[in-house]
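Chain residues, written in single-letter form:
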Amino acid sequence: MNEKIKEVLERTPFEPELKEEILKSGRLKKAKAGQTVITPDDEAQEMPLVMSGLLRVMRNDDNGNEVFLYYLEGGETCAMSITCCLEGKRSSFHVVAEEDSELWMMPVSNLDNWITKYPSFRRFVFNSYQTRFDELLHTIDSMVFMNLDERLYNYLLDKKIASGSFEIKKTHQQIANELNTSRVVISRLLKKLEKEDKIEQRRNYIEIL
C-alpha cells in the first residue's frame with residue numbers, strides 16, 4: 001500500500017523530506033461508497049489526503065437539512081478539515097465517500113510544523129483554500145442566481161467532471177437531499193432535462209448526453 005501513496009506523493013511538488021515524513025506518520029483508511037468519513041462535531045485528529053476515489057463534502061443545518069458543497073478527488077484534501085485541525089475545532093460539515101475511496105490520514109500534530117518547515121506544503125494548504133473557496137463561490141452563485149433546473153444540470157455536470165463518468169448513479173431522493181429540495185421536484189426537472197436532450201434516464205443511473 002505504501003507504493004500507492006508513494007505514487008500519489010510523486011505527483012506533488014513536496015520536498016523529498018516531507019514526502020518521507022508523510023509516509024512515516026500517516027496511515028491508510030479505506031471508505032466504501034456511501035460511508036461517512038467525517039461527521040459533524042467530529043474532533044479533528046487527522047487530515048485526509050485522497051489517494052483514490054471521490055469524496056462528497058456536505059453542510060448540515062440544525063434541522064438536518066443538507067446541501068452539497070464540493071467534491072474531493074485524488075491528490076486533494078479538504079480545506080475545512082485543515083482549518084479544524086489547525087484551530088482544534090469540531091467539524092461543522094460531513095464528508096461521505098461518493099465511491100470506494102482510499103485516504104492517507106495525516107496526524108494533526110504535524111501540520112503546524114510542516115507549514116512552517118516546508119514551503120511546498122504551505123503552498124499546498126493555501127492552494128487548497130483557494131480551490132475550495134472558488135468552488136464554494138460557484139455553489140453560492142448557483143443557489144442565488146440560477147433556477148433550480150439550471151442548478152440541477154450544473155450539479156450533474158460537476159458530478160460528471162469529478163467522477164470522470166457520464167453515468168450519474170444517484171437516486172432522485174439522493175439528488176433532492178443534496179440540493180435541499182424534494183424528490184418530486186427533482187423527478188419533474190429531470191424529465192424536463194430529458195426532453196431537452198441534455199440527459200437520458202436509465203434504469204439505475206442518469207446519463208449525461
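To start, this report covers the structure provided alongside it. Treat the numbers as computed from the prediction; the structure is a model and nothing was measured. (Residues numbered from 1 in each chain as written. Predicted model: local features only at pLDDT ≥ 70, side-chain atom pairs only at ≥ 80, totals over all residues. Heavy atoms only, no water.)

1. Focus: the packing of aromatic side chains
In step 1: Within the structure shown, the criterion is met by 6 aromatic pairs.
In step 2: For the ring pair Phe68 and Tyr71, a centre distance of 4.7 Å and an interplane angle of 50° mean the geometry is tilted. Each of the two residues, Phe68 as well as Tyr71, counts as buried.
In step 3: With 6.0 Å between their ring centres and 35° between their planes, Phe121 and Phe124 make a pair best called tilted. (Phe/Tyr/Trp six-rings, centres within 6.5 Å; stacked < 30°, edge-to-face > 60°. Buried < 20%, exposed > 50% of the residue type's maximum accessible area, 1.4 Å probe, protein only.)

2. Focus on the pattern of salt bridges
In step 1: For the coordinates displayed, the defined rule picks out 17 salt bridges.
In step 2: For the salt bridge of Lys198 with Glu196, the shortest nitrogen-to-oxygen distance reads 3.5 Å.
In step 3: With relative accessibility at 37%, the residue Glu196 sits in the partly exposed group. (Salt bridge = Lys/Arg side-chain N within 4 Å of Asp/Glu carboxyl O.)

3. Topic: the side chain of Glu98
In step 1: Assignment of secondary structure puts Glu98 in strand E5 (residues 94-107).
In step 2: Relative accessible area serves as the criterion here: at 12%, Glu98 is assigned to the buried category.
In step 3: At 2.3 Å, the side chain of Glu98 and the side chain of Arg56 are in polar contact.
In step 4: Look past the residues within four positions of Glu98 in its chain and what remains in contact with it is Ala33, Leu54, Leu55, Arg56, Tyr71, Lys159 and Lys170. (Helix = DSSP H or I, 4+ residues; strand = E, 2+ residues; numbered from the N terminus. Polar contact = N/O pair within 3.5 Å; in protein donor to acceptor, adjacent residues only side chain to side chain. Contact = heavy atoms within 4.5 Å.)

4. Concerning the sheet that holds strand E8 (residues 206-208)
In step 1: Spatially, E6-E8-E7 is the arrangement adopted by the 3 strands of the open sheet, whose pairing is antiparallel. At either end of the open sheet lies a strand with only one pairing partner, and these are strand E6 (167-168) and strand E7 (199-201).
In step 2: In terms of strand pairing, E6 meets E8 through 2 bridges, oriented antiparallel. Its bridge partner being in E8, Ile168 is matched across the sheet by Ile206.
In step 3: Helix H8 (residues 183-195) contacts E7 and E8 of the sheet and is inclined by roughly 125° relative to E7. (Pairing = 2+ DSSP bridges. Axes fitted to C-alpha atoms, helices over the stretch in contact; angles between N-to-C directions.)

5. Some details on the side chain of Lys170
In step 1: By the element assignment, Lys170 lies in the loop between E6 and helix H7 (172-178).
In step 2: The exposure class of Lys170 is buried, given its relative accessible area of 8%.
In step 3: In this structure the side chain of Lys170 is engaged in a polar contact, spanning 2.8 Å, whose partner is the side chain of Glu98.
In step 4: In this view, Lys170 contacts Arg56, Glu98, Tyr155, Ile175, Glu178 and Ile206; residues no more than four positions away in its chain are not counted.

6. Overview of the environment of Ile161
In step 1: Within the fold, Ile161 resides in helix H6 (residues 148-163).
In step 2: Among the residues examined, Ile161 registers a relative accessible area of 59% and is labelled exposed.
In step 3: Sequence separation between Ile161 and Tyr71 is 90 residues; the distance between their C-alpha atoms is 9.9 Å.

7. Looking at helix H2 (residues 16-25)
In step 1: When H2 is considered as a whole, its buried residues turn out to be Leu18, Lys19, Ile22 and Leu23. Buried residues along H2 cover an arc of 140° about the axis, so they all sit on one side. Across from the buried face of H2, at angles greater than 90 degrees, the exposed residues are Pro16 and Lys24.
In step 2: The elements touched by buried residues of H2 are helix H1 (2-10), E5, helix H4 (111-117) and helix H5 (119-145). (Arc of directions from axis to C-beta.)

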